[in-house]
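# Coordinates in review
Below are the chains, spelled out letter by letter.
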Amino acid sequence: MKVLFCASEAVPFIKTGGLADVVGSLPKKLLSEDMDVRVVLPKYRLIPYADICRMEHVCDFTVDMNGQNVYCGVDTLTVDKVVYYFVDNLALFGSDRVYTGDERECFRFAFFAHAVLEILPRLDFFPDILHCHDWQTGMIPVLLHGWYQGDERYRGIRTVFTIHNIKYQGLFSFDNVRRCLGLNDGYFTPDNLEFYGVASFLKAGLVFSHFITTVSPSYAEEIRTTYYGERMDGILRKREKVLRGILNGIDTASYDPAHDVALGARYSRRDHGNKRLCKAFLQEELGLAVDASAPLIGMVTRLTPQKGIDLVERVLDDIMRTPAQAVFLGSGDSGYEEFLRDAARRYPGRIAACIAQDEGLARRVYAGSDLFLMPSLFEPCGLSQMIALRYGSIPIVRETGGLRDTVEPYNRYTDKGNGFSFRNYNAHEMLYCIEDAVRMYREQPDAFERMVMRAMRADFSWKASAAAYKRLYAQLLAQKG
Ligand code: ADP
């Protein structure tokens, strides 16, 4: 079976969030299941220079963007046996940000969609499955459906569209989309791309793909409701027969405290004495009081309203009335960044605020913290809580989306569970939960220790999920036959 992943980011080349982790790790796992899985990405200038130097040029041609011929180069690089292709156009992908966040995105990702379909004959690689990820690739199924059906080499391709976050919808004016792709008026109707007066790339993917997946079973249910659906719930209810939630995994070889080179000391479930050392190193690195008895709460996150920083802001002083310390690593909205910097100034030695994107430090926070906070407003899957569990940091989460599917709340009567959770998006519910966790850390160290053991034992590898994707692909191909 031949599968082509199309996405706007993938580890190890370019990452702004969990999408990159997924696209960087799932193909590797599928490859080991005897499938030919390749990945196509934009060639951003931000990709590490060493990788750019190792790429080989495959071909170049021009893509017809509604009458305008636009240069498209294709480079390739193989990493961990996965073949990656990079769509090159420096004018479009040469900026110092992955996403420009404005109307230019329309042309960038319309071009990317068109280029992906145009490179197939040039690579002589016609996949059975085109697996598209998030709104940036939403136009691929549309173009495949509208423009390429006359060519029998394209006709058999089945498309899967995965929603990693329904909040990001790729909304642009009709004029802009028309200018880029020259689609006819029939596409700009409520049954197709129209979305409250504009065109949506995300909706395009939802309407035109053969199958839709999202990244956890709970999120698959939630996005069919008005509360979580971000106004896409109608189309998702309409297509619910072809919508499925498949939980993400993490790259357990990369996220492994026994071999993680970013850590000052390594440890495993069987021998995790060095986790204490990691905590002391982290406290020292960030200027916190080096104190083993202070429960250290970590947070590694994009700073957007999704991630629940508002709750932290509301009860920060109450949290600091417990003996806890906190480390925040994140970047994003300037208001949240300022709040965190200010919190660190107000609580020197007890709060550290690192406003950065720093993979190594992220790993040291997972390893060095005792508790890991994720009070998300919504969370499609969430990888951070899985990484935290693997590093023996106990998650405190809101019961939503993938957090609900991966964190089992502690039950003191049965001594089961691997974390703490609260139901409503409410600062005091979160606070009580943090207080519980802190109390347990201080007063019941043996029970806390057993919970750490259970956390580190949990299996978040791609094994089960890759098998689920494989079954889904096979099912789609069987329907075609
Ligand atoms: P999302 O995709 O919504 O950002 P996830 O929990 O699915 O959230 O994935 C987040 C990923 O990005 C994790 O691998 C996390 O460690 C990483 N990450 C988030 N913020 C930072 C940061 N400031 N520095 C380094 N890594 C980060």
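Refer to the preceding data block for the structure.
Nothing here was measured: the structure is a model prediction, and the numbers come from that model.

Near the ligand, the surroundings consist of 24 residues, among which Gly-18, Arg-302, Lys-307, Ala-356 and Tyr-366 are the closest. The contact in question runs from an oxygen atom of the ligand to an N or O atom on the side chain of Lys-307, over 2.8 Å. Here the ligand has 570 Å² of accessible area as a free molecule, and 94% of this is covered by the chains. Elements with a contribution of two residues or more to the shell around the ligand: helix H1 (18-31), strand E13 (296-303), strand E14 (325-332), helix H14 (359-368) and helix H15 (384-390).

Within a sheet, neighbouring strands are paired by backbone hydrogen bonds and run either parallel or antiparallel to one another. Taken together, the six strands give an open sheet; going across it, the order is E15-E14-E13-E16-E17-E18, and neighbouring strands pair in parallel fashion. The strands lining the two open edges of the sheet, one partner per strand, are strand E15 (351-355) and strand E18 (420-422). Across the sheet, the mean angle separating the axes of adjacent strands is 15° when strand polarity is ignored. In this fold helix H12 (residues 309-319) packs onto E13, E14, E15, strand E16 (371-374) and E18, with an angle of close to 155° to the strand it touches most, E13. Set on the sheet, helix H17 (residues 427-443) makes contact with E13, E16, strand E17 (394-398) and E18; between it and E18 the angle comes to about 165°.

Let us look at the side chain of Ser-218. When you line up the elements, Ser-218 lands in helix H9 (residues 217-222). A distance of 2.6 Å separates polar atoms of two side chains, one belonging to Ser-218 and the other to Asp-405. In this view, Ser-218 contacts Gly-401, Arg-404 and Asp-405; residues no more than four positions away in its chain are not counted.

In this description, a pair of aromatic rings is defined by centroid distance and the angle of the planes. Within the structure shown, the criterion is met by 23 aromatic pairs. Their ring planes at 75° and their centres at 5.7 Å tell us that Trp-135 and Phe-201 sit as a pair that is edge-to-face. Of this pair, Trp-135 sits in the loop between strand E6 (129-133) and helix H5 (139-147) while Phe-201 sits in helix H8 (residues 201-208), placing them 66 residues apart in sequence. Grouping residues by exposure puts Trp-135 and Phe-201 together as buried. The aromatic ring of Phe-61 is capped on one face by Arg-122, whose charged end is 3.8 Å from the ring centroid.

Below, the discussion takes up the environment of Glu-240. Relative to the elements of secondary structure, Glu-240 occurs in the loop between helix H10 (233-238) and strand E12 (243-245). Note on Glu-240: relative accessible area 40%, which makes it partly exposed.

Examined against the element boundaries, Glu-222 turns out to sit in helix H9. Given the relative accessible area of 9%, Glu-222 is considered buried. Once the C-alpha coordinates of Glu-222 and Asn-69 are considered, the two residues, 153 residues apart in sequence, prove to be 42 Å apart. Ignoring any residue separated from it by four or fewer positions in sequence, one finds Glu-222 in contact with Tyr-228, Gly-229, Thr-400 and Gly-401. For Glu-222, the side chain forms a polar contact with the main-chain nitrogen of Gly-401, separated by 2.9 Å.

Scoring rules and cut-offs
Here the residue numbers are simple positions, counted from 1 along each chain's written sequence. Whole-chain, interface and lining totals are the exception, using all residues; otherwise, since this is a predicted model, local features are given only for residues with pLDDT of at least 70 and side-chain atom pairs are given and counted only at 80 or more. The side-chain quantities take in all heavy atoms of the structure and omit both hydrogens and water. The rule for a residue being near a molecule or strand is that one of its heavy atoms must lie within 4 Å of it. Here a polar contact is recorded for every N or O atom pair within 3.5 Å, except that within protein the pair must consist of a potential hydrogen donor and a potential acceptor, and residues adjacent in sequence are included only if both atoms are side-chain atoms. Every accessible area reported is derived by Shrake-Rupley at a probe size of 1.4 Å, with residue values counting cover from the shown protein chains alone. Strands are runs of DSSP state E lasting at least two residues, helices are runs of H or I lasting at least four, and both sets are numbered from the N terminus onward. Any two strands with at least two DSSP bridges between them are considered paired. The axes are straight lines fitted to the C-alpha atoms, using for helices just the contacting stretch, and the angles between their N-to-C directions are given from 0 to 180°. What makes two residues a contact is simply this: any of their non-hydrogen atoms within 4.5 Å. For Phe, Tyr and Trp, where Trp contributes only its six-membered ring, two rings pair if their centres lie within 6.5 Å, and the inter-plane angle classes them as stacked under 30 degrees, edge-to-face over 60, or tilted in between. The rule is simple: take the accessible area with a 1.4 Å probe, protein chains only, and divide by the maximum for that residue type; under 20% is buried, over 50% is exposed, in between is partly exposed. Criterion for a charge above a ring: Lys NZ or Arg CZ within 6 Å of the ring centre, and within 35 degrees of the ring normal.

Keep in mind these values describe shape, not function.
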